[in-house]
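Now for the letters of each chain:
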Amino acid sequence: MTKPLLVLGSANADLVVEVGRRPGGGETVLGGDTVVLPGGKGANTAVAAARVGASVALVGALGDDGYGSLLRSSLEDSGVDTALVKTSQRPTGIAYITVTPDGENSIVVSPGANADVAESDVDALSFDGVQVLTCSLEVPLETVIHAIDAASKAGVKTVLNLSPVAELPAETLKQLTTLIVNEHEAAQLASDWRHLLRLGPHTAIVTLGERGVAVVLPAGVKEIPGVKVDKVVDTTGAGDAFAGAFSARLAEGDRVVVAAEYAVKVAALSVTKAGAQPSYPTAAEVSSPVA
Ligand code: ADP
């Protein structure tokens, strides 16, 4: 059964360890206990969408190993359909994250199975009943390009979270309903937000951290202010929370600006809790008076 929202992207196990300081070359330091968290931009986006009630499937790959089973069950527990997450011969993607007392992260990503998400996986998809395809990177760029092409030709709305910035064919950019980038990525792509549409997408959204987002439409730029929160605990995965919630509303038929207004609330709530996926709110939490 195809879901109205498909998210194509990575799923990683985030292995997080606190260290007093980072080791230099040839050096060993002792850290704290390892914390294993579900992560990866694709999985985060899909979970954020599912939490706010979307019927969503992730298109991706996991290894045939312990982390793979862990991530598959955690996606399913969050309500994400994993039928389109294949089991690869390669190990599950892992992000090795060290955190120092100043809160700074250093990350090594081993893509593993994510590098196996292929154009043939896209060819096997049915877009019947699909309203929106949302892609993030950390999977092969040619697969993302192929998926956007196939979806747009099938009349499906397409969303791309272009983080980090990668070079895309002009044709792919033209096939996008919405391009999502943060402020730094937007600056790499265009001298002015309004110029983002000259690259080809029908609409673009620039996320501005606590300042909210700017929605770039053919008629002009609409700024949606951020939602003020009492205490910022952890902004990890805020961009994915925004992309997931935005896609969820778009798949329900909301207009781009309306979907973005909703997603700004979701992303704000996500920074009030630790972690990425564990911080994502439910629809009920978003509509509660404090939100
Ligand atoms: P990224 O994490 O991808 O760089 P941003 O930092 O722009 O993206 O955050 C994505 C979205 O999360 C923002 O557009 C905003 O809606 C929300 N957000 C991020 N930080 C805060 C904050 N401190 N307070 C409220 N909302 C925030």
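If you're wondering where the values come from, they're calculated on a predicted model, not measured in any experiment.

**Q** Provide a residue-level description of the site of the ligand, including the pertinent values.
**A** The environment of the ligand is formed by 14 residues, the closest being N182, T207, G209, G212 and A267. Contact distances for the ligand include 3.0 Å between an oxygen atom and a side-chain N or O atom of N182. At a separation of 2.8 Å, an oxygen atom of the ligand approaches a polar backbone atom of G209. A total of 550 Å² of accessible area belongs to the ligand in isolation, and the protein chains cover 82% of it. Those elements giving two or more residues to the shell around the ligand turn out to be α7 (238-251) and α8 (256-270). Among the residues forming the shell around the ligand, the class breakdown is 8 nonpolar, 5 polar and 1 charged.

**Q** Requested: an account of the pairing of strand β11 (residues 203-207), with residues and values cited.
**A** Counting buried positions over the 5 residues of β11 gives 5, a clear majority of the element. Neither face of β11 is left uncovered, since the one carrying T203, I205 and T207 and the one carrying A204 and V206 both have all their residues buried. Bridging between strand β10 (residues 178-182) and β11 involves 5 bridges; their strand directions are parallel. Bridge pairing links I180 to I205 in β11.

**Q** How would you sum up the sheet that holds strand β12 (residues 213-217)? Please name residues and give values.
**A** If you walk across this open sheet you meet the 9 strands as β5-β4-β1-β8-β9-β10-β11-β12-β13, and the pairing is mixed. Each edge of the open sheet is held by one strand with a lone partner, namely β5 (85-88) and β13 (220-224). The average undirected angle you get between the axes of adjacent strands in this sheet is 15°. As defined by bridge partners, β12 adjoins β13 across 5 bridges and the pair is classed as antiparallel. Note on β13: the bridge partner recorded for L217 is G220. Set on the sheet, α7 makes contact with β1 (5-8), β8 (132-136), β9 (157-161), β10, β11 and β12; between it and β9 the angle comes to about 175°.

**Q** Explain the packing of aromatic side chains residue by residue, including any values.
**A** All told, the structure shown has 1 aromatic pair when counted by the stated rule. On the basis of an interplanar angle of 10° and a centroid distance of 6.0 Å, the ring pair of F242 and F246 is categorised as stacked. Of this pair, F242 and F246 both sit in helix α7, 4 residues apart, which is roughly one turn of the helix. Here R249 stacks its cationic end above the ring of Y262, 5.5 Å away from the centre of that ring.

**Q** Describe the packing of α7 against α8, naming the residues involved and giving the relevant values.
**A** Two elements in contact, α7 and α8, have axes whose closest approach is 8 Å; the angle formed by their N-to-C orientations is 145°. As for how α7 packs across α8, the hand of that crossing is right-handed. Together, A238, A241, F242, A245, F246, R249 and L250 of α7 and V256, A259, A260, Y262, A263, V264, V266, A267 and S270 of α8 make up the contact between the two elements. Of the residues contributing to the contact of α7 with α8, the split by class is 14 nonpolar, 1 polar and 1 charged.

**Q** Would you mind going over the pairing of strand β6 (residues 93-99) in detail, with residue names and values included?
**A** For β6, the tally of buried residues reaches 5 of 7 residues, placing the bulk of the element in the interior. Note that strand β2 (residues 12-18) and β6 share 7 bridges and pair parallel. Following the sheet pairing, N12 is matched in β6 by G93. Taken together, the 6 bridges between β6 and strand β7 (residues 105-110) define a ladder with antiparallel strand orientation. Paired with A95 across the two strands is V109, which belongs to β7.

**Q** I'd like a rundown of the pattern of salt bridges, residues and numbers included.
**A** Counting across every chain of the model gives 8 salt bridges. Between D240 and K41 there is a salt bridge, with the nearest N and O atoms lying 2.8 Å from each other. Of the two residues, D240 is situated in helix α7 and K41 in helix α1 (residues 41-51); the sequence distance between them amounts to 199 residues.

**Q** How would you sum up the nonpolar core? Please name residues and give values.
**A** By size, the foremost hydrophobic cluster in this structure holds 49 residues, and its most contacted members are V56, L58, I205, F242 and F246. Of all elements in the fold, only β1, β2, α1, β4 (56-63), α2 (66-77), β12, α7 and α8 reach the threshold of two or more residues within this core. The element that contributes the greatest number of residues to this core is α8, accounting for 10 residues. With residues near it in sequence (within four places) discarded, F242 still touches I180, I205, T207, V213, A260, A263, V264 and A267.

**Q** Could you give an account of unusual backbone geometry, with specific residues and numbers?
**A** Between S163 and the following residue, P164, the backbone shows a cis peptide bond with an omega angle of -5°. Its place among the elements puts P164 in the loop between β9 and α5 (170-174). Phi at E138 is positive, roughly 75°, even though this residue is not glycine. Relative to the helices and strands, E138 resides in the loop between β8 and α4 (141-153). Accessibility expressed as a relative area gives 35% for E138, which makes it partly exposed.

Reading the values: rules and limits
- Residues numbered from 1 in each chain as written.
- Predicted model: local features only at pLDDT ≥ 70, side-chain atom pairs only at ≥ 80, totals over all residues.
- Heavy atoms only, no water.
- Near = heavy atom within 4 Å.
- Polar contact = N/O pair within 3.5 Å; in protein donor to acceptor, adjacent residues only side chain to side chain.
- Areas by Shrake-Rupley, 256 points an atom, 1.4 Å probe, with all protein chains shown as cover.
- Helix = DSSP H or I, 4+ residues; strand = E, 2+ residues; numbered from the N terminus.
- Nonpolar A, V, L, I, M, F, W, Y, C, P; charged D, E, K, R; others polar.
- Buried < 20%, exposed > 50% of the residue type's maximum accessible area, 1.4 Å probe, protein only.
- Pairing = 2+ DSSP bridges.
- Axes fitted to C-alpha atoms, helices over the stretch in contact; angles between N-to-C directions.
- Contact = heavy atoms within 4.5 Å.
- Phe/Tyr/Trp six-rings, centres within 6.5 Å; stacked < 30°, edge-to-face > 60°.
- Lys NZ or Arg CZ within 6 Å of the ring centre and 35° of its normal.
- Left-handed = near helix turned anticlockwise from the far one by under 90°.
- Salt bridge = Lys/Arg side-chain N within 4 Å of Asp/Glu carboxyl O.
- Core = buried A, V, L, I, M, F, W, Y, C linked by side-chain atoms within 4.5 Å.

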